[in-house]
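Each chain, letter by letter, is given below.
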Amino acid sequence: MTGALILSFISLIGYSRQRNNFPASMTIADVPVGGLTPSNASQRLLEVYTSPVEVLYNGAVIHIDPIVAGFQVDIEAMLAAAELNRTGSSFWGGFWNYLWNRTSNETQIPLSSNLVEERLREYLQNEISSRYDLPPSPAQPIPGGTSFLPGQPGQVLDLDRAIQLIGDAFRSPTNRSVALSFTRSSAARPTVENLTILLKQIVAISKFDGLIGFYMVDLQNGQEIHFSMNNKVEIPTEPDIAFTASSTIKVPIVTSYLINRGSVLDTETSNTISRVLGKSDNSATDLILSAIDNNNGPLIVTQNMEALGFNSTYIGGFFYIGAPNLLPNRLTPGNQRIDVFTDPDPYSQTTPSEMGALLADLYQCAQNGGGALIAAFPDKVSPATCQLLIDFMAQDKLGSLIQGGVPDGTLVPHKHGYVPASDGVVRDTSDVGIVYTPGGNFVLSIYSYHPINNVWDNINPLFGNLTKAVYNYFNITAQ
């Protein structure tokens, strides 16, 4: 009897000591803590959940400190729950199970933690994405040609997926290694600087040795390319160079007609404008000028252009032979340059940038009611007005110059111009147009002058190659 009491007393002491620790079958946050004191259990939890998570990305191995990345475990809350479970059961019931060596039921205390996703996102962006992402490489121009070598797509960290995977790793005591995924970014379009270099190279290797003024505007973002070259040597563009406007001045003329007489056209007027822009008919152009004002139509066109800020664009008279010049000796910023000579027509002049800006205004007006044209004439111009003019320009079916540099079927509302001098020699050739393409729309305004003879077989391929290079720039993936 005494022996049994002694054995029971020893067992009671053993059980009491065991009860001071966590049960053998207990886990906290999936970490076994059986037989550990609360202090030791806390230390083990900290060792597990504050250890770095290993991240594999783009060949790099990165170790992320959970606390730095916004993850913390609530040790006190989990220990309190474990203590409540340990002390809440019957002492004598537990002692009875102890005597009979019965295993207690498994007890699992869930993880209590907090993840600040914004901190983790910021960490991933600053420490991983910024260092290990691969930016796309832009397409590169092919020297001596009009095309581009395709660029390479980039590699960008999938941030949302990374946050999910790393968050799961922070919350796991065992699976603390993560391979991050990425998305592919499209190969970048060539830079506008590279396009500019290519365009100047095209001029430099061409057979044309006269003066050329080039202006391009990206109608998606407003980026411009503007340069002038004389005998293959670049010259300043400020102020922009005045050229003979020749038939390109018919775009401002019809613009002025629509401003002053409205865009509700009868059949006769519509046919007349079609002859002006589609056939470049000078007698039809005089009819439109007379319809603006019988005597001062050219002056009103010029005034309308001034209202748009185009101070180097004007027409001084009608087209019929012997028409008086209503603006004799007119001085403009473009025709007062002394470093370059284009022998501009005293009746009709413009610059590449002003004519290009007018076309860009027409496009923005037609697309969304924006641009300077509506701003200057809000009660006289509407998107429908501008689209009407663009549709008339699309009737110019030359098939050469700018149109010669784009694939068949490309929409190119434009107006070309070339005019023989009094000796019968063509020294001025120009073309201005809006080019609509799958990869983006753009305006081109190109003017050229040769003091001896602007040979068609030299200038036409140059216009086409310049246009083709710009078209390829906007449609690099479609080549």
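Residues numbered from 1 in each chain as written. Predicted model: local features only at pLDDT ≥ 70, side-chain atom pairs only at ≥ 80, totals over all residues. Heavy atoms only, no water.

**Quick notes on the overall build of the protein chain**
Rules: Strands are runs of DSSP state E lasting at least two residues, helices are runs of H or I lasting at least four, and both sets are numbered from the N terminus onward. Restricting the calculation to C-alpha atoms gives the radius of gyration, and the globule rule supplies 2.2 Å times the number of residues raised to the power 0.38. Three exposure classes are used, based on accessible area relative to the maximum for each residue type with a 1.4 Å probe and protein chains only: buried under 20%, partly exposed in between, and exposed over 50%. By definition in these notes, contact holds between two residues if any of their heavy atoms fall within 4.5 Å. All accessible-area figures derive from a Shrake-Rupley calculation using a 1.4 Å probe, and residue coverage is judged against the displayed protein chains alone. Neither His nor the chain termini are counted; the positive set is Lys and Arg, and the negative set is Asp and Glu. All charge positions are set by atom: Lys at NZ, Arg at CZ, Asp at CG, Glu at CD.
Within the protein chain, the secondary structure is distributed over 15 helices and 21 strands. Taken over C-alpha atoms, the radius of gyration comes to 40 Å for the protein chain, far larger than the 23 Å a tight globule of 479 residues would show. Reported as C-alpha extents along the three principal axes, the dimensions of the protein chain are approximately 145 × 50 × 40 Å. Considering the protein chain as a whole, with its 479 residues, one finds that 48% of them fall into the buried category. In the protein chain, the proportion of contacts linking residues at least 24 apart, taken out of those at least 6 apart, comes to 69%. Carbon and sulfur atoms provide 52% of the accessible area of the protein chain, an area that totals close to 22,600 Å². Between the averaged position of the 27 positive side-chain charges in the protein chain and that of its 42 negative side-chain charges there is a distance of 9 Å.

**Things to note about the pattern of salt bridges**
This is how the line gets drawn: Salt bridges are identified by distance alone: a Lys or Arg side-chain nitrogen within 4 Å of an Asp or Glu carboxyl oxygen.
Evaluation of the coordinates by the stated rule reveals 9 salt bridges. Of the charged contacts, one joins Arg275 and Asp281 as a salt bridge, the two residues approaching to 3.3 Å between their closest N and O atoms. Here Arg275 falls in the partly exposed class, since its relative accessible area comes to 33%. The residue Glu306 makes a salt bridge to Arg330 at a minimum N-O spacing of 2.5 Å.

**Details of the confidence of the model for the protein chain**
In plain terms, the rule: Confidence of the predictor at the level of single residues is given by pLDDT, which spans 0 to 100.
Scored by pLDDT, the protein chain comes out at a mean of 90, with 91% of its residues at no less than 70. When the criterion is pLDDT under 50, residues 14-18 qualifies, and its contacts beyond four places in sequence or with other chains add up to 8 contacts.

**Overview of the side chain of His450**
Worth spelling out the cut-off: Distance and chemistry together define a polar contact, namely a pair of N or O atoms within 3.5 Å, with one atom able to donate a hydrogen and the other to accept it when in protein, and with adjacent residues in sequence counting only for side-chain atoms on both sides.
Mapped onto the elements, His450 comes out in the loop between strand E21 (442-449) and helix H15 (456-474). In this structure the side chain of His450 is engaged in a polar contact, spanning 2.5 Å, whose partner is the side chain of Asp209.

**Considerations on the state of the cysteines**
Linking two cysteines covalently through their sulfur atoms gives a disulfide. Spelled out, the test is: Note on terminology: disulfide denotes any pair of cysteine sulfur atoms within 2.5 Å.
Tallied over the entire structure, the rule returns 1 disulfide. Across the disulfide from Cys365 sits Cys386; the S-S distance is 2.0 Å. The sign of the S-S torsion, about 80 degrees, decides the handedness of the disulfide formed by Cys365 and Cys386: right-handed. Residue Cys365 is located in helix H12 (residues 352-368), and its partner Cys386 is located in helix H14 (residues 383-393); the two are separated by 21 residues in the primary sequence. Considered together, Cys365 and Cys386 belong to a single accessibility category, that of buried residues.

**Regarding the sheet that holds strand E4 (residues 60-64)**
Note the following rule: Strand pairing is assigned whenever DSSP identifies at least 2 bridges connecting the two strands. Structural elements are reduced to axes, namely lines fitted to C-alpha atoms, with helices fitted over the stretch in contact, and the angle between N-to-C directions of any two is expressed from 0 to 180 degrees.
Reading across the sheet, the 3 strands line up as E4-E3-E11 and stay open at both edges, with mixed pairing between neighbours. Edge positions in the sheet fall to E4 and strand E11 (177-179), since each of these pairs with one other strand and no more. Geometrically, the sheet is characterised by an average inter-axis angle of 25 degrees between neighbouring strands, direction not taken into account. One ladder, built from 5 bridges, connects strand E3 (residues 53-57) with E4; its direction is antiparallel. Each bridged residue has a counterpart across the sheet, and for Val53 the counterpart in E4 is Ile64. Across the sheet, helix H5 (residues 117-132) touches E3 and E4, and the angle it forms with E4 is around 170 degrees.

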